[in-house]
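Breakdown of the fold
What follows is each chain in one-letter form.
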Amino acid sequence: MITPRTTTLVRAADLRLFRRALVRLAREGAPLDARDRLVIVPTTAARLHLTRTIERSGGGATVVLPEIITRHELHDRLFERLAAPDAPPAYRPAEREAMLALSCRMV
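A short tour of the structure in this document, coming up.

1. Topic: the overall build of the chain
Secondary structure summary: the chain contains four helices and two strands in total. When its helices and strands are written in sequence order, the chain yields α-β-α-β-α-α. Against the 2.2 N^0.38 benchmark of 13 Å for 107 residues, the chain shows a C-alpha radius of gyration of 17 Å, more extended than a compact globule. With the principal axes as the frame, the chain shows a C-alpha extent of 50 × 35 × 25 Å. For the chain, buried positions account for 17% of its 107 residues. Pairs at least 24 residues apart make up 53% of the contacts formed inside the chain by residues separated by at least 6 positions.

Following this line, the structure appears as structure tokens:
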């Protein structure tokens, strides 16, 4: 069964307000709702920084973190969540680049 997803565009006046909005969105709802949330960041360092920021926002309380991945991990994560037994294997980065190059030439 395919469940609907929600994509949120976050705009903020400065970096401090943007971080605050990310923490609020990562923690909103019931604690276990965060486990069904995916946050995509550009680098591993950004993932570590956001994780620390969310953890510190808890004020000493236990915080359930959403899944924070890099954009390079997104493809593999989507294939992992594909529940079909006959699902194709995930493409390797070189295969994805080749398909991207080919599709760019076709347009």
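So, next bit.
2. Some words on the packing of aromatic side chains
Summed over all chains, the structure comprises one aromatic pair. Between the aromatic rings of Phe79 and Tyr91, the centroid separation amounts to 6.2 Å while the plane-to-plane angle is 85 degrees, which identifies the pairing as edge-to-face. Taken together, the residues Phe79 in helix H3 (residues 71-81) and Tyr91 in the loop between H3 and helix H4 (93-106) connect sequence positions twelve residues apart. Classification of Tyr91 by relative accessible area gives partly exposed; the value is 36%.

Rules used throughout
- Residues numbered from 1 in each chain as written.
- Predicted model: local features only at pLDDT ≥ 70, side-chain atom pairs only at ≥ 80, totals over all residues.
- Heavy atoms only, no water.
- Helix = DSSP H or I, 4+ residues; strand = E, 2+ residues; numbered from the N terminus.
- Rg over C-alpha atoms; globule rule 2.2 N^0.38 Å.
- Buried < 20%, exposed > 50% of the residue type's maximum accessible area, 1.4 Å probe, protein only.
- Contact = heavy atoms within 4.5 Å.
- Phe/Tyr/Trp six-rings, centres within 6.5 Å; stacked < 30°, edge-to-face > 60°.

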